[in-house]
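Coordinates in review
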Amino acid sequence: MTKSNPEIVNPTSALSRRFFLKHTGRAGVAGALSASALLAASGQAEAESDADRERNGRKDRDGRLNDIAILNFALNLEYLEAEYYLRAVDGTGLEAHGVAVTGTGAPGNVIIKANPQVSFASEAIRQYAKEIATDEKNHVVALRATIQSLGGVPAARPKIDLLNSFNTLASAAGIAPTFDPFGSELAFLLGAFIFEDVGVTAYKGAAPLIYNKGILEAAAGILSAESSHSAVVRTVLFALDASSTTDIAGIVQKISDLRDVLDGPGDLDQGLLDATGSANQVVLDSNGIAFSRTARQVLNIVYGAANATKGLFFPDGLNGQIVK
């Protein structure tokens, strides 16, 4: 049976993928964000060894500032995911659920269509979405509390675009000139696919840079949750692909290819199928381990261009100490 593309997969693209690649490209991507760079971003520029910091009485301070910077970076991403899932499930965002979004940096609103609540075709998938929405909301609460426990100030929720961003991505990937992730159950799952793998690889990449072991354990817990979310989304999409005339795996592969272009040299990203055409439900490297993305690679994806300082999902950029 030949699979076809529904209205959300119109091959006509207002912004061709070739044009997009020309203006983003794979070149010029910054290297790994080192621990010393994180310290500089959080107010400590010297690249000292642990022994030096301990002798100079700065080890605890540097480690704390380093962890605050990383946690605020993660908080921005959790704001994005929480707003997406909560609004898909019940049409309201973090503030309506009693979650604080104030803090350091420029606060922003959420750009989204009116009445974004998704009409789920399956009760099971609606419940999956509700569970993930609750998890993402709780991640925001937990990260904000942890930052405050370290004596830091949580980053305010920056301006988040859940409208124009998807149109730009869909057009650039060659999926459609416009794309509404809240328009159907399938569209919602495709939108969720864009986020989940990025969250997994971001937490994995940050893990070696976290100083406080208790915070590292908590971050590992969030990584585990994000990995589970990713696997659920991938599994459901794979099952739908097997029973649909729509080439869902092909759409997902286009999204994956675009993320691969944005995050720089190398072939990191993965679609629903492996090289043999079998299910690829968990994003792993050749050793069966989740792979990492640097902060710069993550920013390239959420900003929509290599080395950008703002754009796409964050029109005014992130808040906190690591924003570019």
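On a predicted model such as this, the values are computed, not experimentally measured, just so you know.

**Quick word on helix 10 (residues 295-303)**
With nine of its nine residues buried, helix 10 lies for the most part within the structure. What helix 10 keeps buried is the set A295, R296, Q297, V298, L299, N300, I301, V302 and Y303. At the C-terminal side of helix 10, G304 shows a positive phi close to 85 degrees.

**What to know about the packing of aromatic side chains**
Scanning the entire structure with this criterion turns up 11 aromatic pairs. A ring pair is formed by F166 and F179, whose centres lie 6.3 Å apart and whose planes are at 55 degrees; its orientation type is tilted. With F166 in helix 6 (residues 164-173) and F179 in the loop between helix 6 and helix 7 (185-206), this pair connects stretches of sequence that are 13 residues apart. A relative accessible area of 0% places F166 in the buried class. For F179, a relative accessible area of 10% corresponds to the buried category.

**Side note on the packing of helix 7 against helix 8 (residues 213-243)**
Their axes nearest at 8 Å, the elements helix 7 and helix 8 cross at an angle of 150 degrees. Crossing geometry of helix 7 relative to helix 8 is assigned as left-handed. Seen from helix 7, the contacting residues are L186, L189, L190, A192, F193, E196, D197, V200, Y203 and K204; seen from helix 8, they are A219, I222, L223, E226, S227, H229, S230, V233, R234, V236, L237 and L240. Of the residues that constitute the contact of helix 7 with helix 8, the class distribution is 14 nonpolar, three polar and five charged.

**Focus: the side chain of D197**
Mapped onto the elements of the fold, D197 is located in helix 7. In this structure D197 comes out as buried when scored by relative accessible area, which is 4%. Of note is the side chain of D197, whose polar atom sits 2.6 Å from the side chain of R234. The contact partners of D197, leaving out residues within four places of it in the chain, are S230, R234, R259, Q270, V283 and R293.

**A look at the confidence of the model for the chain**
In the predicted model, the chain carries a mean pLDDT of 84, and the fraction of residues at 70 or more is 81%. Low pLDDT, under 50, characterises residues 4-49; the predicted model gives this stretch 98 contacts beyond four residues in sequence or across chains. Taken as a whole, residues 52-58 scores under 50 in pLDDT and shows 10 contacts with residues more than four places along the chain or in a different chain.

**A closer look at the packing of helix 5 (residues 123-149) against helix 8**
The contact between helix 5 and helix 8 brings their axes to 11 Å, and the two run at 160 degrees. By the angle between their axes, helix 5 is roughly antiparallel relative to helix 8. Along this stretch, helix 5 crosses helix 8, giving a crossing that reads as left-handed. Contacts between helix 5 and helix 8 involve I125, Y128, I132, D135, E136, H139, L143 and T146 on the former and, on the latter, I215, I222, A225, E226, H229, V232 and V236. Per-class residue counts for the contact of helix 5 with helix 8 are nine nonpolar, three polar and three charged.

**Some details on the pattern of salt bridges**
When their charged atoms lie close together, side chains carrying opposite charge are able to pair. Under the counting rule described, the total for this entry stands at 11 salt bridges. Two residues, R87 and E83, come together in a salt bridge whose shortest N-O distance is 2.8 Å. In this pair, R87 and E83 both sit in helix 4 (residues 59-90), four residues apart, roughly one turn of the helix. Taken individually, R87 and E83 each receive the classification buried, so the pair is uniform in this respect. Taking the shortest distance from any N to any O, the salt bridge between R157 and E83 comes out at 2.8 Å. In this pair, R157 sits in the loop between helix 5 and strand 2 (160-161) while E83 sits in helix 4, placing the two residues 74 residues apart along the sequence. By relative accessible area, R157 is classed as buried at 6%.

Procedures and definitions
- Residues numbered from 1 in each chain as written.
- Predicted model: local features only at pLDDT ≥ 70, side-chain atom pairs only at ≥ 80, totals over all residues.
- Heavy atoms only, no water.
- Buried < 20%, exposed > 50% of the residue type's maximum accessible area, 1.4 Å probe, protein only.
- Helix = DSSP H or I, 4+ residues; strand = E, 2+ residues; numbered from the N terminus.
- Phe/Tyr/Trp six-rings, centres within 6.5 Å; stacked < 30°, edge-to-face > 60°.
- Axes fitted to C-alpha atoms, helices over the stretch in contact; angles between N-to-C directions.
- Left-handed = near helix turned anticlockwise from the far one by under 90°.
- Contact = heavy atoms within 4.5 Å.
- Nonpolar A, V, L, I, M, F, W, Y, C, P; charged D, E, K, R; others polar.
- Polar contact = N/O pair within 3.5 Å; in protein donor to acceptor, adjacent residues only side chain to side chain.
- pLDDT = per-residue confidence, 0-100.
- Parallel < 35°, antiparallel > 145°, perpendicular 65-115°, else oblique.
- Salt bridge = Lys/Arg side-chain N within 4 Å of Asp/Glu carboxyl O.

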